[in-house]
Amino acid sequence: MAPRIRYLFITAPFSIRDLLTEQGYQAEAVYDGESGVAYAATGVYDLLILDVMMPKMNGYQVARVLRQQHISTPILMLTAKSELLDRVQGLDSGADYYLTKPFDARELFACIHALLRRQGAEVDTLSFGNTTLDLATSTLLCEEKSLRLSAKEFDVMRMLMQQKEKNLSKEAILQKVWGFNSDAVENHVEVYVGFLRKKLHSIGSNVQIVAARRLGYHLELEG
């Protein structure tokens, strides 16, 4: 079975991102605290890994700002500091776990798995109405029918399935699926939503992707 796909937000060395990628995770990295807050505020990540020592804003500050913004995504804090007061400061700032460098890769993944299980993020499928999205195979399923999604279709559908009836802005979709530095525009989102609507209809899904003026998209059930 293919590794479960998880989106993780990383502000940590390239070696950690490479470790995660090798294990089948989809990891993104930024390297200063202000960018970290901007990325994490989209709310589309399953886990945040913060290095304490970052330019512009340190890990403690980033965690504190995100919790003040009511972003509840689990935070794993990485630091070379091992003093009790440093660990207490990390947890008080909003981190869920504090890992001291150097650490073994097995310990890192044990922490990640524990935080994902606690959050209910370590699942194989997302479902709404009579429709299921298989995260391992990027497949939409409805009763006996199924369709494999392209990479970007899968990313957009996964975000919608996670939010369900809550509106998801076009900007958030653009940032997560195409990236902050992409030349993609909102029309790209509209095109892929159109593709998904056709695929949902073709498998007999009772799920509709509804556009809310100036708010983005959300899912509704027919009838």
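Since this is a predicted model, take the numbers as computed values, not measurements.

Q: Teacher, can you tell me more about the sheet that holds strand β7 (residues 131-134) here?
A: The strands making up a sheet associate through backbone hydrogen bonding, with each pair oriented either parallel or antiparallel. If you trace the four strands from one edge of the open sheet to the other, you get β6-β7-β8-β9, paired in antiparallel fashion. Every interior strand has two partners, whereas the edge strands, β6 (125-128) and β9 (145-148), have only one. Strand-to-strand twist in this sheet, taken as the mean axis angle between neighbours without regard to direction, amounts to 20°. Sheet topology note: the β7/strand β8 (residues 139-142) ladder contains three bridges and is antiparallel. In the strand pairing of β8, D134 is matched with T139. Lying on the sheet, helix α6 (residues 151-163) is in contact with β6, β7 and β8; it crosses β7 at an angle near 125°. Docked against the sheet, helix α8 (residues 186-202) engages β7, β8 and β9, running at close to 155° with respect to β9.

Q: How should I be thinking about α6 in this particular structure?
A: Along an α-helix, residues three or four apart share an orientation, since each turn contains 3.6 residues. In a regular helix each residue adds 1.5 Å, so 13 residues correspond to 18 Å; α6 covers 19 Å between its end C-alpha atoms and thus fits that length. Buried residues dominate α6, accounting for 10 of its 13 residues. Residues E153, F154, D155, V156, M157, R158, M159, L160, M161 and Q163 constitute the buried set of α6. Backbone geometry just after α6 places K164 at a positive phi near 55°.

Q: Explain helix α2 (residues 33-40) here, please?
A: If you check which residues of α2 are buried, you get G33, G36, V37, Y39 and A40. Seen end-on, α2 carries its buried residues on one side only, within an arc spanning 165°. Residue D32 occupies the N-cap position of α2, its side-chain oxygen lying 3.1 Å from the main-chain nitrogen of E34.

Q: Explain the confidence of the model for the chain to me, please; I cannot follow it from the model alone.
A: Caution applies to low-pLDDT regions: their predicted coordinates should not be interpreted in detail. Counting all residues, the mean pLDDT for the chain is 83, and 87% of those residues have values of 70 or more. Per-residue pLDDT, averaged within each element of the chain, yields its smallest value for strand β1 (residues 7-11) (60) and its largest for strand β10 (residues 207-212) (95). For the stretch residues 1-5, pLDDT sits under 50, and the model shows 14 contacts to residues farther than four places along the chain or on other chains.

Q: Would you take a moment to explain the packing of aromatic side chains for this structure?
A: For any pair of aromatic rings, the description rests on two quantities: the centre-to-centre distance and the angle between the ring planes. The full count for this structure, using the stated rule, is two aromatic pairs. Measuring from centroid to centroid gives 5.5 Å for W178 and Y192, while their planes differ by 70°, and the two rings are edge-to-face. With W178 in helix α7 (residues 170-178) and Y192 in helix α8, this residue pair connects regions lying 14 residues apart in the sequence. Of the two residues, W178 and Y192, both sit in the buried class. Here the aromatic rings of Y192 and F195 are separated by 5.3 Å at their centres, their planes lie at 75°, and the arrangement is edge-to-face. You can see Y192 and its partner F195 sitting in helix α8, three residues apart, about one turn around the helix. Ring pairing ties together the aromatic residues W178, Y192 and F195, which thus form one cluster.

Q: Any chance you could explain the packing of α7 against α8 here in plain terms?
A: Any two packed helices are characterised by how steeply their axes cross, that is the angle between the axes, and by the distance between the axes. Packing of α7 against α8 brings their axes to within 9 Å, and their N-to-C directions diverge by 85°. Between α7 and α8, the crossing angle belongs to the class labelled roughly perpendicular. In contact with K170, I173, L174 and W178 of α7, α8 contributes E186, H188, V189, E190 and Y192. The residue inventory of the contact of α7 with α8, partitioned by class, reads five nonpolar, one polar and three charged.

Q: Before we go on, may I ask you to explain the pairing of β10 in this structure?
A: A regular strand carries its side chains on alternate faces of the sheet. Bridge analysis of β10 against strand β11 (residues 216-221) gives six bridges, and the strand direction is antiparallel. Each bridged residue has a counterpart across the sheet, and for A212 the counterpart in β11 is G216. Here β10 folds back onto β11, and the loop between the two strands holds three residues, one of which, R214, carries a positive phi near 65°.

Definitions and limits used
- Residues numbered from 1 in each chain as written.
- Predicted model: local features only at pLDDT ≥ 70, side-chain atom pairs only at ≥ 80, totals over all residues.
- Heavy atoms only, no water.
- Pairing = 2+ DSSP bridges.
- Helix = DSSP H or I, 4+ residues; strand = E, 2+ residues; numbered from the N terminus.
- Axes fitted to C-alpha atoms, helices over the stretch in contact; angles between N-to-C directions.
- Contact = heavy atoms within 4.5 Å.
- Expected span 1.5 Å × (residues − 1).
- Buried < 20%, exposed > 50% of the residue type's maximum accessible area, 1.4 Å probe, protein only.
- Arc of directions from axis to C-beta.
- Polar contact = N/O pair within 3.5 Å; in protein donor to acceptor, adjacent residues only side chain to side chain.
- pLDDT = per-residue confidence, 0-100.
- Phe/Tyr/Trp six-rings, centres within 6.5 Å; stacked < 30°, edge-to-face > 60°.
- Parallel < 35°, antiparallel > 145°, perpendicular 65-115°, else oblique.
- Nonpolar A, V, L, I, M, F, W, Y, C, P; charged D, E, K, R; others polar.

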